[in-house]
Every structure is written in C-alpha cells, then in structure tokens.
Amino acid sequence: MDNQAMPIASTSSYTKIQHLQRQAASLLLYQSVLQGEVGMAFLELLQAIRYTDADARGCLQAYGSYFHALAAKNQNWEDYLITQLLFSENPFTKLAQVREFEDLPPALVAAVRHDLQILQSLYECSSASLSEWIQGVAHMPISPVVWYKEQELVGGETKFPTYLQELDNWGDAVEELAAYYQQCGSGLFAEYRALRWQAGQFIGIWYSDPIKLSALVGYEAQKDALLKNTEFLLSGEMALHVLLYGSRGSGKSSLVKSLLNEYSNRNLRLLEVAKSDLKDLPKIVEHLRGVSQKFIIFVDDLSFEEDDDAFKALKVVLEGNLTARPQNVVVYATSNRRHLIREFFVDRPTPKDNDEIHAWDTMQEKLSFSDRFGLTLTFEPADQKTYLKIVHHLAAQAEINITQEDLEFQALQWATRHNGRSGRTARQFIDFLKADLRLFATNNNTSNT
C-alpha cells in the first residue's frame, strides 16, 4: 500500500453519493429504516463526504460515528438494513398482516416497490466503499478500518431475507414481503418474544427468563391443562383465560414463562402487565387485535383492593363487552389468593338501616371474581414426596454427583431452615449445592497443585 498512490475521490463518486442522499430522502413508507442510530450515522456520513472540498476532519469524525454505531449494534450495514426493513412498522406492514395481497391498495404496493428499490441501492453502499471514499477525501495513505462480522440469519426461520439478497431487483419482492409480514408480523412484536407494558407503551425484553418446561416437575395435571389451553390459542381456537392459584414457590410463574421457550417458534409472545397497569388492559387488547402473533398477557401475583380500577378493567377483558374478543389474546394470571379481592369482616352485611339493600350480592360478586377466568388451576403446597421428586429432577439436570441419601438429607435440611417445601426452595437448594460443589472441587484442585 505504501508504494501505491493514494486514491482520489472522483467526481462520479460525489455524484453517486448525492444521488444516494436524494434516494434516501424520497422514501415513502420505510423512513423508519434510517431513523435509528446507525441509519442517522449513515446519512450524516453521506452528508460529510458529498462535496469535493469536504472537511477531512469532519469526514473522519462522521465515519467514526458510523463505525461506532455498527459496532454497538454488532451488525454489518447490510444486516442492519434488512433487519430494519423486516421489523419496520408502517401502513403496508400493518395492512399486509390482515389482508390478502390482492386486496392491498395498488398505490400502497407501488410505494413499497419504490422504497425497496431505494433500499437496495443503500444496501449496496457497503462499509468498504465508504471507507475508500473517506480515504480519498481525507488523503489518507490507507483506508480506515471497516466494521465487519460474519453475516447472520435475520428475520427468524423464514427464507425471505436470503431470497431478498439474491434478487437483482428488490422491487420484485413486494408480494413475498407481504407474505412475510402476514406470517411473522412487524415492529416490536416481530423483533421480541417477550415484552412488557410500561408507561403506556410496549417495551421489548431482550433477555427473557430461559426457564424450560423440561425443568419443571410436579403438578403434571395442571401443566397438561395449561399446555392444552395454549395449544388452543396457537391453533386459532377460542382459548380460555387462566388463573393459576396456589401456594408461593409452587412454580406458577415459572410454568407460564416456560411456555414462551416452548412455543415462541409458533409465533407466541408473552406480554407482562403489572397490576398497576391493568387499567390499560382494554386498550392493550385492542392494540393486539389483528396482528400475526398470539399473545399471553401475563399478570403475576394478582390481587385487588376494594373499588380498584384495575379490577374493573380486568373484568371487562375477562367478560367482554360490545367489542368482540380477539382470538389471539388470553390472560394468564397467578395469585396466592383464591379470592382475588381482599375481604374484611367489616365488609360482611349486618342488619343496619344504612346498609346496601343487596349487600350480599355485592360481596358474592367480589368473592366470585376468580370464577370469571375460564380455567382455574390449583397448586397445592408440595408434600415431602413431591419436594424430593423435584430435587432429584433438578439434581439430574445439573449433573450433581452425590449419593441419593446425602442429597435428600441436605434437601430436607435446606427446606427446614429456609422457605419450606416448594419448587422454588428446591431450585434454590440445587443452585446453592451446585455452586458449593464446584467451589470445593476448584479449591481441592488448587491445593493439590
């Protein structure tokens, strides 16, 4: 490289850059593709190098920002662009999920074809090309480092991204793209398997609980009933809302969360809604209506105070109103209380003149609220046999190699000293025992050397 002349950016290069800028500005539906940190850094870099008398220092800083944005995303420019295309939320991606391609407005299809051709041009503007342009503009002896990593499959298990990359003209892929959105959805629901509702919006969860169904033992009848109901949801049948009620630590929440790892490849999504946000539940359900995915709205540790607005909102969702219930949404709630609304002795009717005439009816409505769930699964406290069964199962998965007698003795001691017999206690015991045995083995090996 030292013996070669430094490249000089040609007039045609500047013309091409300015053409790319005009194309990016003319996007009709997919503007969001370039509105993230990487997209903005890309546009700012084009702006910095568009003139023949561009400031070398400004160009280098713009390239540094672009490189940093790609590194932070841990994606190549090409992968980033396709990912944004697949996850974009716009009128086309929303309508394609609920209509057949033949029923989409022709103007919308034409706009997508126009945008795909532009995005193909931006896709072909590689980081290597930008680095060479920077070298010419800044009169550098060598080109700046190019961010690169091995390409990954984006867009889940569908073949569409590969198909798109192999096309000579992306504008020919509109129908296939519509089919992709119909199958996989768009926006946050396509990008994340687990989400939460927070401050009036959906928030994606990158690292959802990895608990697997195979790690859960005991309560087999309850597990089978929940799996069957979830299968109804996934197959498009009318699934029931479910209340998982029982003692603390029995694995109710873990069972619900394990469904995500069992069925996420079948378009299942888990949406966590805190009790304090249940007032938004009717609005949340309307947001989810008509999208491609199936949703379990997960409400953990549910209980209510009297005259709680959340109680009224949940009641509307469970019982319905004039709006038809969407078949892609169910509520799975856990609770340690069989009667979800707290009742006090003072609440019970007494023969006073100022009492409500139908006070017993009011109290019965409160006490029967849990009956509004179509399916109630009860988790009784674990007896010693069930507790030890869970311990043995977890110990086998953790590959803990001690005698059965020693394992059971330590497990029962742990339960006595800690939180009693439950699946949670068994998990905590196994985690502690596994760490303790590893530490002992490490110290023993160190002392021997």
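Just so it is clear, the structure is predicted and the values come from calculations on it, not from any experiment. (Residues numbered from 1 in each chain as written. Predicted model: local features only at pLDDT ≥ 70, side-chain atom pairs only at ≥ 80, totals over all residues. Heavy atoms only, no water.)

*Asks:* Whenever I open this one, the overall build of the chain confuses me. Can you help?
*Replies:* Along the backbone of the chain there are 18 helices and seven strands. For the chain, the residues scored as buried account for 45% of the 449 residues in total. Across the chain, contacts joining residues at least 24 apart in sequence account for 78% of those joining residues at least 6 apart. For the chain, the computed accessible surface area is about 23,800 Å², with 51% contributed by carbon and sulfur atoms. (Helix = DSSP H or I, 4+ residues; strand = E, 2+ residues; numbered from the N terminus. Buried < 20%, exposed > 50% of the residue type's maximum accessible area, 1.4 Å probe, protein only. Contact = heavy atoms within 4.5 Å. Areas by Shrake-Rupley, 256 points an atom, 1.4 Å probe, with all protein chains shown as cover.)

*Asks:* I would appreciate a short explanation of the packing of aromatic side chains in the present structure.
*Replies:* The relation between two aromatic rings is expressed through the spacing of the ring centres and the mutual angle of the planes. Following the criterion strictly, the structure yields 16 aromatic pairs and no others. Taken together, a centroid distance of 5.9 Å and an interplanar angle of 70° make the contact between Tyr-180 and Tyr-181 edge-to-face. The burial state of Tyr-180 is the same as that of Tyr-181; both residues are buried. Taken together, the ring pairs in this structure connect Phe-42, Tyr-63, Tyr-66, Trp-77 and Tyr-80 into an aromatic cluster. (Phe/Tyr/Trp six-rings, centres within 6.5 Å; stacked < 30°, edge-to-face > 60°.)

*Asks:* Mind showing me how you'd approach the layout of surface pockets here?
*Replies:* Empty space among the atoms can be located by rolling a probe the size of a water molecule over them. Taken as a whole, the second largest pocket holds about 520 Å³ of empty space. Lining the second largest pocket are 28 residues; nearest its centre among them are Gly-249, Ser-250, Gly-251, Lys-252 and Ser-254. Broken down by secondary-structure element, the contributors of at least two residues to the lining of the second largest pocket are helix H12 (252-263), strand S6 (329-335), helix H16 (384-397) and helix H18 (423-448). Element by element, the count of residues in the lining of the second largest pocket is highest for H12, at five residues. When its residues are assigned to classes, the lining of the second largest pocket shows nine nonpolar, eleven polar and eight charged. (1 Å grid on protein atoms, 1.4 Å probe; cavity = no way out; pocket = protein on both sides within 12 Å on 5 of 7 lines; lining within 4 Å. Points joined across faces, edges and corners; volume = space filled by probe spheres on them. Nonpolar A, V, L, I, M, F, W, Y, C, P; charged D, E, K, R; others polar.)

In short, the description is geometric, and any link to function would need to be established separately.
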